[in-house]
Each structure stands twice: as C-alpha cells, then as structure tokens.
Amino acid sequence: MTQQVPLFINGEFVHSKSTEKMPVTNPANQQLLAEVPFATHEEVEAAVACAKETFKTWKDTPVMERCRLMMRYTHLLKEHHDELGELLAQDTGKTFEDAKGDVWRGIEVVEQAANTGSNMMGETVENVASGIDTYSYLQPIGVVAGITPFNFPAMIPLWMYPLAIACGNTFILKPSEQDPLTPVRLVELFVEAGAPKGVLNMVHGGAEQVDQILNHRDIAAVSFVGSSRVGEHIYRTGTAAGKRVQCMMGAKNHMVVMPDADKNATLNALVGASAGAAGQRCMAISVAVLVGEAKDWVEELAERMATARPGAWDDAGAAYGPIISKTAHQRVISLINKGKEEGATCLLDGSDVVVEGLPDGNWVGSTLFADVTPEMSIYREEIFGPVLCCMAVDTLDEAIELVNRLEVGNGTSIFTQSGGAARKYQHEILVGQVGINIPIPVPLPMFSFTGWRGSFRGDLHAYGKQAVRFYTETKTITAKWTHVEETSKQPNMSINLR
C-alpha cells in the first residue's frame, strides 16, 4: 500500500479526508515514494483554529523557555543529520553531500532561533521629559504561515517556523507538495524536542490551499520562497487581505570575472555554482560576465564543466542529481533548445545526457552557452537547471551596467585580485547579496537573506534580525510615576507577603 503523507494538526499526525492526491516520486527513477493529499477546506480551518487558540498561551511562555525548545531541537537535528540527509536525497534527488548541506544550513538558523531572547530586546530612554520614561517591547503577532519550495525542503522551512515560534507566534507550514517527506520528519523531531500541541501545524496542497491561507483573517503574516510568478500572486493577495508578507522570489545571478582573477579558482567556482544542485537554487550562478581577456577562458571552462556529471544520490562520483519533475525537466530542455535557435553558441549540450542504469530519471547534463545577448530567452528567464550563459564585455563599468539592467537582484559575485575593483562593484551593484571571490554568497543566519528588486517583495527579509522584526510588532510605552512619601505607619494587610 502506498504511503500517505500525513497532515499535522494540534500535535497529532492525521490522515487527510481529501480525495485529491498527488504522487511523490523519486526524480532519479520515477519510483513512487508516497501520495500527498491536498488538505480539505475544513482541515486547513482546523489547523488555523488550533494555532489561534494555542497562541493565547504560547505568547506568554517565557522567552527563555521558547529558546530552550530550540536548543533541544538543534540537538536532535544534529543527532539525525545524516538520516535527514538520506531522506532528503531520495525525496529530491540531490546528492548525499548536497542534501546534508541543505540540512546543516537549516540547523544553523535554528541555532540562531535559540538566541531569540537577545534579538527581541527593546529600547528604553529615561527622562524623555521630566519624570517620564519611554521604552519598547517586541511582541509576537499571532498565527503566521510559511509556504516553502521543493529545492530546499529542510533549509527553508527551518528558516521560518523556528524563528517565528521562538518569537512567541504559532505557525502553519505548507511545504512543497513535490517533496513533503523531509518536512514531515522535521516536524516529528520538533515534537520530540518538546513542542507543545498547536504551536506548529502542517497542511499540504496547491493553489487552493495557498489562497485559503492568504485570505484567512486569523493569519497575520505569510513567508514565501519560490518562483516570481507565484510570489507576485502571494504578495498581492496577502497584502490585500491586510497581512504582513515577505516573498523571496526568482533570480538571474551573474558572476563578473575580471582578467586578473585566479583562473583555476574562478573556473572551478563557475562549474560548482552553475551546475551544483542541478542549478535548482535561487542563488545559483547562471551568467558569467567575462571582462576583457577573461573571455579567452571559455574553452577551458567548457572542458571543466564536461566533467561535472549527474547521477543518483548515492553515486559518490556524481556532481549533482536530477531535475525535480518531468515538467521541470521538459522546461529546461525547451530553454536549451531555444538558446540554440536564438543564436547562442552551445559549447556543451547536456540535453540528451544518459545516466547508466537510470533511463527514466529527469537528467540534464552540464550545459554551456557562449555569445549570449540580453535579448535571448536563456538570459531573460530563470532556467533552474545546470545551464551557464557566458557574456563578454570590455570593462567593469559595462559589467555593472549589464547586471543592474536586469530587473531581479538576488545574488551576484565578482572574482578579482583588485581591491579597488571589488570595492567599486560592491558599492555600485543593485543586488542584495554580493560575493567577492565567493560564488554563492548566502549569508550566515546572524545576518539576513537580502534579495533586492524583482527578487523580493516585502519590507523585512528572511532569518537574522530582520526576521525577528517580521514576526513581531513593536509596542512603545511612555510612563510617568510620581513618588509619594509614605504617611501611614499602619501596615497594609492586603499585601501578599509570600
């Protein structure tokens, strides 16, 4: 009998009554792993009602008790790190090492959630006027929801609910329906860590369930990571319903290569940053901007990319795994073909790659295009596959102008040995996350994930101090107390002396 992915409502895993289900398959071989139900309207309502009721008491739980829950959770996640990595690898097709990295980057955010007490400290000024003091508190906002994508089924849920819950909120998690098994295991470990009933709830589904969350009057805020198309809808719908919304969305990330860069390190970084995780990450490098003489490195880049091959999660020699679904695979292949039709030079074509023993997998080999122009589809669209586009410019100023012209601004990097060039680039570039001789500059969780422009909608970013602000509201108190000399020597018998 096929495994049924459960919902999690009021501290219990429950089987959905829904008749609408979606198969969960291993993208390396199409093996059926489970079926995920699309929660009924009543089941989503029950999850929200439970979270709303639990918030009444959870918000008053001492902050250090909430932080200790995250300490216990961190310990369990580390203890089960490899187990989670193996489950995630089979769920998504990622290589084992990549899957373990997904888990570990999530654990690092939970470690920061255990420090939430420090980040929730307010401000105070004594004597703002004669005998009057003003001080502020950060207070939780209520029931919040997280809608997470397929490509990081451990890391991105762990970006959201641990911080939100540590701040005193309750949470509704709607993970990707394409790989829900890892989030289920994360929830199991959260329960084992001692999470009270109702603090975290999980429902599954698609557009209908998302819209129910976005329009629900008892949900105060929504966090989202995913495509730009869906993100724009979530931001418009959620804000129209009066919610606080943060949407981390699509990208087209450039690496600018100066001719003075360390050639060996730069080429290796380009291969890993473009083909790693099959290119299915919003911080992947998908465009190499080769400045001046660096354009002559393209042939050697093609040679190195040819050695990065896809394979199964337990293939130690594989550089990355399959594309998540047949539909996504067909889209990547279609864009590769369109790049050829539009006149780009395909130096390395991975559209017909074969992985021995796994003929049904969603495989795409490393693909490299040269002579790419800004008008081409492979440049304008986020491919989300192991495809790298090379563009040549004469100067750093031209490179900066090229990157800033694109409407998205998630991540970028520059490889150079010139401090002056790096300083100019980081100052003038209109992108939220910049790497200097670092190909994928994802910030550690004491900072925040800060995409700009078309890559983000909202005011406050994910994790770090900005996430604490997103999941809390500021209350400011102005107080005046007048000291009165005690005039009576008679004891006040109403005082409780215990």
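Keep in mind that this is a model prediction, so the values were computed, not measured.

Details of the overall build of the protein chain
Secondary structure summary: the protein chain contains 16 helices and 22 strands in total. Taking the principal axes of its C-alpha atoms as reference, the protein chain extends roughly 95 × 60 × 40 Å. Counting only residues that meet the buried cut, the protein chain has 55% of its 498 residues in that class. Partitioning the intrachain contacts of the protein chain with sequence separation of at least 6 by distance along the chain shows that 72% fall at a separation of at least 24. Side-chain charges in the protein chain split into 42 positive and 59 negative, and the spacing between the mean points of these groups amounts to 7 Å.

With respect to the UniProt feature "domain: Aldehyde dehydrogenase" (unreviewed entry) in the protein chain
In the numbering used here, UniProt assigns the feature "domain: Aldehyde dehydrogenase" (unreviewed entry) to residues 13-477. Secondary structure content for residues 13-477 is 39% helix and 22% strand, while the C-alpha to C-alpha distance between its ends is 42 Å.

Here's the deal with the packing of aromatic side chains
All told, the structure shown has 12 aromatic pairs when counted by the stated rule. Seen from their ring centres, Phe8 and Phe13 are 4.7 Å apart, and the 50° between their planes marks the pair as tilted. On the basis of relative accessible area, Phe8 is assigned to the buried category, the value being 4%. Here the aromatic rings of Phe150 and Phe384 are separated by 6.1 Å at their centres, their planes lie at 85°, and the arrangement is edge-to-face. A residue pair is termed long-range when its members are at least 10 positions apart, and Phe150 in the loop between strand 7 (143-147) and helix 6 (155-166) and Phe384 in the loop between helix 13 (377-380) and strand 16 (387-393) qualify at 234 residues. Overall, Phe150 belongs to the buried group, its relative accessible area being 15%. Cation over ring: Lys94 sits above Phe152, and NZ or CZ is 3.8 Å from the ring centre.

Looking at unusual backbone geometry
Unlike most non-glycine residues, Asn10 shows phi in positive territory, near 55°. Relative to the helices and strands, Asn10 is located in the loop between strand 1 (7-9) and strand 2 (12-14). Relative accessible area serves as the criterion here: at 38%, Asn10 is assigned to the partly exposed category. Residues other than glycine seldom take positive phi values, yet Arg453 does so here, at roughly 50°. Its place among the elements puts Arg453 in strand 20 (residues 452-453). For Arg453, a relative accessible area of 26% gives the class partly exposed.

Some points on the packing of helix 2 (residues 63-79) against helix 4 (residues 96-113)
Orientation of helix 2 relative to helix 4, taken along the N-to-C sense of each, is 160°, at an axis distance of 8 Å. By the criterion of interaxial angle, the relationship of helix 2 to helix 4 is roughly antiparallel. Note that helix 2 runs across helix 4; the crossing there is left-handed. On the side of helix 2, the interface is formed by Cys67, Met70, Tyr73, Thr74, Leu77 and Lys78, while helix 4 contributes Trp104, Ile107, Val110, Glu111 and Ala113.

About the cut-offs
Residues numbered from 1 in each chain as written. Predicted model: local features only at pLDDT ≥ 70, side-chain atom pairs only at ≥ 80, totals over all residues. Heavy atoms only, no water. Helix = DSSP H or I, 4+ residues; strand = E, 2+ residues; numbered from the N terminus. Buried < 20%, exposed > 50% of the residue type's maximum accessible area, 1.4 Å probe, protein only. Contact = heavy atoms within 4.5 Å. Lys, Arg positive; Asp, Glu negative; His and termini not counted. Charge placed at Lys NZ, Arg CZ, Asp CG, Glu CD. UniProt positions renumbered as here; feature names shortened; annotations may be inferred. Phe/Tyr/Trp six-rings, centres within 6.5 Å; stacked < 30°, edge-to-face > 60°. Lys NZ or Arg CZ within 6 Å of the ring centre and 35° of its normal. Axes fitted to C-alpha atoms, helices over the stretch in contact; angles between N-to-C directions. Parallel < 35°, antiparallel > 145°, perpendicular 65-115°, else oblique. Left-handed = near helix turned anticlockwise from the far one by under 90°.

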